[in-house]
Structures are given as structure tokens and as C-alpha cells.
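# Coordinates in review
If you want the building blocks of each chain, they are given just below.
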2 protein chains.
Amino acid sequence: MSTSLSRPLKRSRATPLRQSKMLRTRTSQPDLSVGFAPFWKILVWEQEDFQGNCQEFTSECHNIQERGFTNVRSLRVESGAWVGYEHHGFEGQQFVLERGRYPRWDSWSGSNAYHVERLMSFRPVFSASHRSSHITIYEHENFLGRCVDFQDDYPSLRAMGWCNNEVGSMRVQSGAWVCYQFPGYRGYQYIMECDRHSGQYQRWKNWGSHAQSPQIQSIRRIQQ
Amino acid sequence: MSTSLSRPLKRSRATPLRQSKMLRTRTSQPDLSVGFAPFWKILVWEQEDFQGNCQEFTSECHNIQERGFTNVRSLRVESGAWVGYEHHGFEGQQFVLERGRYPRWDSWSGSNAYHVERLMSFRPVFSASHRSSHITIYEHENFLGRCVDFQDDYPSLRAMGWCNNEVGSMRVQSGAWVCYQFPGYRGYQYIMECDRHSGQYQRWKNWGSHAQSPQIQSIRRIQQ
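Because the structure is a prediction, the values reported are computed rather than measured.

## Some details on the packing of aromatic side chains
Residue and element names in this part refer to chain A. Evaluation of the coordinates by the stated rule reveals 21 aromatic pairs over all chains. With a centroid separation of 5.0 Å and 75 degrees between ring planes, the pair formed by W40 and F126 is classed as edge-to-face. On the criterion of sequence distance, the pair formed by W40 in the loop between α1 (19-25) and β1 (41-47) and F126 in the loop between β7 (121-124) and β8 (134-140) is long-range, its members being 86 residues apart. Its relative accessible area of 44% is what places F126 among the partly exposed residues.

In C-alpha cells:
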């Protein structure tokens, strides 16, 4: 079952009520970001449903056309966390890609105003860590105004007491995060990493080339 | 800031590094499911962007047309967790609705093969509880085969060691959950509650009238 790098889950043929406590105490993840090479592995196909040309990558791809593909229309993440982009050069909409199968665009595209039916570039998210993730969000640009620390997933910032639909700036102390435009992890995605921009995201225009507003209503750690 | 029912977050004008541990120890939620009436409150509009006719609800709506609306095209969840449906009578695609603003269909609709541009019915999710949620998933129908307990959010079941893209059956011991077709909380949604069907979901055809396959690749607790 799965790779030896993933945390194995308890299995049983009986209802494993007694396991719950054990699992509960082991929700923290092993740090997979160091010590294994190549840990990151993704398979991409030129057609939907894992059809057509296929290539395996263990590191970033700046432009899939330089590898003889017209685009990527389905993929499978074997290990590690990745981010896929609408355009080559890591531009345009961002889509977090965690382990699993993505048979077509609607499996990676959030509920956006327009659909991205193919990916053109992608790269590993080296700093993703469920065990140790820490971000501070600020009301205004340049780390000013009211601020709140997060170390967990929040499908609704408003439910947690953040009375605004917007975030002015962010500082990632550790790990990698994905912030979403709407509650419940929907809408435009912004990938925030401690090892890019020194973890400093001073204003919404730094969040990505697709950012059109400071609206953020949910936030979660990226799964390695 | 927000209502008195929500857990207030620490605020500071300095970077609140010292708060992190405090917040960390308080990630469990107060149990909001009892003791306040009406706790659940949703505002719905007939047009996108909070335009046109508006009504407030504190309990379920079986058919918005019986309230003089043609449909719901935007909404704001003031308190509690809700689920919206594609059709009246709580049929069709399900969309979890947590606190926040939903200006148009793409803010609640996941990345589905077809879009649901309006909601026709909705109801509170009474059992949602971040503090105490517990589900067991099974490899086969009728609670047979390999099984795993969850009490936390998992954006990728595969990353957690579940080597299958499918789930045969589920038993909700406590709380309410949303299961997703694809990794990263995308695709078709299935709302699973401890107080409906006695928490027993014996086969994928019980998951909802929109269920077309047993495919599930991510799962999370619903935020109250």
C-alpha cells in the first residue's frame, strides 16, 4: 500500500474504534522535505484520462512545450506536493497538486470564473509540511494592522473571527500554505511558501500573476 | 468583529509569534450545536452579487420557489454550517456552505463536470463540529474490508496511506464530514452526518442522488 514514505494507516477488519486515539496522536507528519532524492515525482499526460504522450518528472518543468508536449491535460502525483500553472514560466492561475489522480482539468481547477483546461508548467513545493506550518495574516499591506497566527487549516476565516473578506499581507514563518478566494477552499488559489520571497508577501499583487484582489476566505496547509 | 458565538482570535499590532502556542492549544472549537437558538442563519438573494430579492432563513428551506424566488444565485452564511442543493427537496449536487460570502455560483460549486449556477434548497448541518468529528471509511460496501479512522482533515487520502481512489462504505461516529471526488477538496461533494442515516453510509449510492461512483480522494470536517 502506497510508498514507504507515507505514514501508514492502521488497518483492521473490525471497526477500529480503539485505533482512533492512536491515530489522533500521530496526525503530525514525518518531515519529508529532506533526506530523500528524488522524493518528488509526477506523471503527466498530453490527453485527458491518462492518454497520449506521458512523461515522468522529479523536478520542475518550466515549459512543457520544451519537452515536446502541446500541454498537460491529465496527471498523477506519485509523491510530494506540486503546484501547476496555467502558463509556462510559472505564470497565471496556480493549482495545488497533492498525491492522487487528476484525470482532467476539473480535478485540479478550483471554481474559478474561467476554466484552465490544461497546465503548461509545474514545480515541487519543497517546504510543504503538515507537521510544522506557521503563517501570520495582516489586515493591511506591509504587515500592518490587525494580525492573526495560523498553524492549522481554516475553511472559513470568518468563522474563526476574521471579520474581513480580505487579507492585506502575509508572512510565512514555516511550511507552505494555499489561500483561497472563497470559503471551503474554493475559488482562486494562492500558494504561499516560507522559502520563496523569504516568506514575505507584502501586498496582494505579490501573490501571483493571476491575483486580482485581496479577497481570501479560507486557508490551509499543503499536504506533503 | 464577527459574532459573539465565534471563537475570537488573538489580535496584536506586533508580529504575534508568542501567540502561536496559545492558538495552537485552542484549535478545538466550542460546541455550537446546542444552546443557542436560532444559531443557524443564512441570507439568500435571487440575483448574483447580493442583488434582487433577499430573504433570511434560520432553518431549512425545502424549495425556494415556495418562498416566491425563482432560485438562489448568491448568499451569505452568517452563522452555522449549511448544505445547499442543486434541486428542490434536497436533491442533486451538494455544496457545503460555511461562514462567509458567496457572490455567485462559482463560489460554492466545486470543480464539477457541469456547473450548478443556482441553488434550489438548503438546510443546516446540525452535527458539524470541528472539536469532535470521527469517521471510519471501509474498502468495501457494508462496512467490509480494510478500514481507517479519521478525526482530522485529509486533502489527500493517498498521501495518508489509503492506496485506493475509492471508498466502499462509511460510518460517521460523530460530527459532520464532506468527502470529495478529487484530492485537495475538489470535485463532487458528499456531506456525511452522524445524525442522518444513523451515520451509516453502506454504499456509494447512499451518498446522495448525484453520486455516480465510489471515487473519494479527500475528506475534511465541516466547520461550524
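## Points about the nonpolar core
Formed by 26 residues in total, the largest nonpolar core has its most connected members in V125 and I222 of chain A together with V125 and I222 of chain B. Those elements that provide at least two residues to this core are β4 (82-87) and β11 (176-182) of chain A together with β4 (82-87) and β11 (176-182) of chain B.

## Overview of the environment of V172 of chain A
Residue and element names in this part refer to chain A. Summarising the element assignment, V172 is placed in strand β10 (residues 169-174). A C-alpha to C-alpha distance of 18 Å links V172 and P155, two positions 17 residues apart in sequence. Not counting residues up to four positions away in its chain, the partners in contact with V172 are H134, I135, W177, M192, E193, C194, G199 and Y201.

## Here we look at the UniProt feature "domain: Beta/gamma crystallin 'Greek key'" (unreviewed entry) in chain A
Residues annotated by UniProt as "domain: Beta/gamma crystallin 'Greek key'" (unreviewed entry) correspond here to residues 40-79, 80-126 and 133-174 of chain A. As a span, residues 40-79 of chain A carries 0% helix and 50% strand, and end to end its C-alpha atoms are 5 Å apart.

## Observations regarding the environment of E193 of chain B
Residues and elements named next belong to chain B. Position of E193 relative to the elements: it lies in strand β12 (residues 186-193). E193 sits 60 residues away from S133 along the chain, and the two C-alpha atoms are 9.7 Å apart. Those residues in contact with E193 that lie beyond four places of it in its chain are R123, V125, S127, V172, G175, A176, G199 and Y201.

## Regarding the sheet that holds β10 of chain A
All names here are of chain A. Strand order in the open sheet formed by four strands is β9-β8-β10-β13, and the pairing between neighbours is antiparallel. Whereas interior strands pair on both sides, the edge strands pair on one side only; in this sheet they are β9 (144-150) and β13 (200-201). By the bridge criterion, two bridges tie β10 to β13 in an arrangement that is antiparallel. Bridged to R171 within β13 is Q200.

## Quick word on the side chain of N63 of chain B
Residues and elements named next belong to chain B. Along the polypeptide, N63 turns up in the loop between β2 (51-57) and β3 (74-79). By relative accessible area, N63 is classed as buried at 11%. In this structure the side chain of N63 is engaged in a polar contact, spanning 3.0 Å, whose partner is the backbone nitrogen of Q65. Other than its neighbours up to four places away in sequence, N63 contacts H88, M120 and S121.

Scoring rules and cut-offs
- Residues numbered from 1 in each chain as written.
- Chains lettered and ligands numbered in written order.
- Predicted model: local features only at pLDDT ≥ 70, side-chain atom pairs only at ≥ 80, totals over all residues.
- Heavy atoms only, no water.
- Phe/Tyr/Trp six-rings, centres within 6.5 Å; stacked < 30°, edge-to-face > 60°.
- Helix = DSSP H or I, 4+ residues; strand = E, 2+ residues; numbered from the N terminus.
- Buried < 20%, exposed > 50% of the residue type's maximum accessible area, 1.4 Å probe, protein only.
- Core = buried A, V, L, I, M, F, W, Y, C linked by side-chain atoms within 4.5 Å.
- Contact = heavy atoms within 4.5 Å.
- UniProt positions renumbered as here; feature names shortened; annotations may be inferred.
- Pairing = 2+ DSSP bridges.
- Polar contact = N/O pair within 3.5 Å; in protein donor to acceptor, adjacent residues only side chain to side chain.

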